[in-house]
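# Structural overview
One letter stands for each residue in the lines below.
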Amino acid sequence: MKTPSDMPPLPAALQARDVAVRPIEDSDAPLLMDWHAAFRGASFLAMGWPREQVAAMMADQLRMQQIHIAGAYPRADRWLVLAGDIPAGQLLLDRARDDWRLIDLLLAPEARGLGLGSGLMAWIQDAAARAGAASITLDVGFDNAPAQALYRKAGFVETPSETEIAVAMRWRPA
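Heads up: these notes are all about the structure in this document.

Parameters and conventions
- Numbers given to residues run from 1 along each chain, matching the order in which its sequence is written.
- Whole-chain, interface and lining totals are the exception, using all residues; otherwise, since this is a predicted model, local features are given only for residues with pLDDT of at least 70 and side-chain atom pairs are given and counted only at 80 or more.
- Hydrogen atoms and water are omitted, and side-chain values are computed over all heavy atoms in the structure.
- A fitted line through C-alpha atoms serves as each axis, taken over the contacting stretch for helices, and the angle formed by two N-to-C directions is quoted from 0 to 180°.
- A helix here means a DSSP run of H or I that spans at least four residues, while a strand means a run of E at least two residues long, and both kinds are numbered starting from the N terminus.
- Roughly parallel here means an angle under 35 degrees, roughly antiparallel means over 145, roughly perpendicular means 65 to 115, and every remaining angle is called oblique.
- Take the far helix as the reference: if the near one is turned anticlockwise from it by less than a right angle, the crossing is left-handed, and if turned clockwise, right-handed.
- Contacts are assigned to residue pairs with any non-hydrogen atoms lying within 4.5 Å of each other.
- Lys, Arg, Asp and Glu make up the charged group, whereas Ala, Val, Leu, Ile, Met, Phe, Trp, Tyr, Cys and Pro make up the nonpolar group; the residues left over, Gly among them, are polar.
- The definition of a nonpolar core used throughout is a set of buried Ala, Val, Leu, Ile, Met, Phe, Trp, Tyr and Cys residues joined through side-chain atoms within 4.5 Å.
- A 1.4 Å probe rolled over the protein chains alone gives each residue an accessible area, and that area as a share of the maximum for its type sets the label: buried under 20%, exposed over 50%, partly exposed in between.
- By the convention used here, strands pair only if DSSP detects at least 2 bridges between them.

### Thoughts on the packing of helix α2 (residues 29-40) against helix α4 (residues 51-72)
Two numbers describe how α2 lies on α4: the axes approach to 10 Å, and their chain directions differ by 115°. For the element pair α2 / α4, the angle class is roughly perpendicular. Pair α2 / α4 crosses with right-handed handedness. Judged by residue contacts, Leu-32, Met-33, His-36, Ala-37 and Arg-40 of α2 engage Ala-55, Met-58, Ala-59, Gln-61, Leu-62 and Gln-65 from α4. Of the residues contributing to the contact of α2 with α4, the split by class is seven nonpolar, three polar and one charged.

Right under this line is the structure:
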């Protein structure tokens, strides 16, 4: 099991499944692009957009998202989630302020519904509580009901949002 040295161990349920995280590397770019396109491009394909147009738009969108994240959260952790040796997701977390920011938790399509998201949320919340963080905040797409349910189950509550395309949520340690 690998975890960043300044984070607590992953929950036992994830350790039992040989789940680990490691820093994202440049060689992970094609995989991250595939996940991004599969998750965020599906609705455009469903509307009948040409596959080539959606692929180009998703590549541009991911590039712009990465530029934004690098500028807004320069010290953010960028981790690849592994189940054994198989990439299972991406976790972007900014721990630079008292209010931690969960920037992105994206699980590969085949890794969804297996408890990885819940386990990772428990891990992040445990780390935040141990570090004395004031809260964890996040934005989740208004149309992403499964993620909203995951965060609500983890104790996140809605807060006023600065955008119409996302639901803002916050969790505070007890």
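### A closer look at the nonpolar core
The nonpolar side chains of a soluble globular protein tend to be buried, and buried together. Core analysis: the largest hydrophobic core is formed by 45 residues, its most contacted members being Leu-102, Leu-105, Trp-123, Ile-124 and Tyr-151. Within the second largest apolar cluster, five residues are counted, among which are Met-33, Val-54, Met-58 and Leu-62.

### Quick notes on the sheet that holds strand β6 (residues 157-159)
Here seven strands make up an open sheet; going across it, the order is β1-β2-β3-β4-β5-β7-β6 and the pairing mixed. The open sheet has two free edges, formed respectively by β1 (19-23) and β6, since each of these has just one partner strand. Strand-to-strand twist across the sheet, computed as the mean angle between neighbouring axes with direction ignored, equals 35°.

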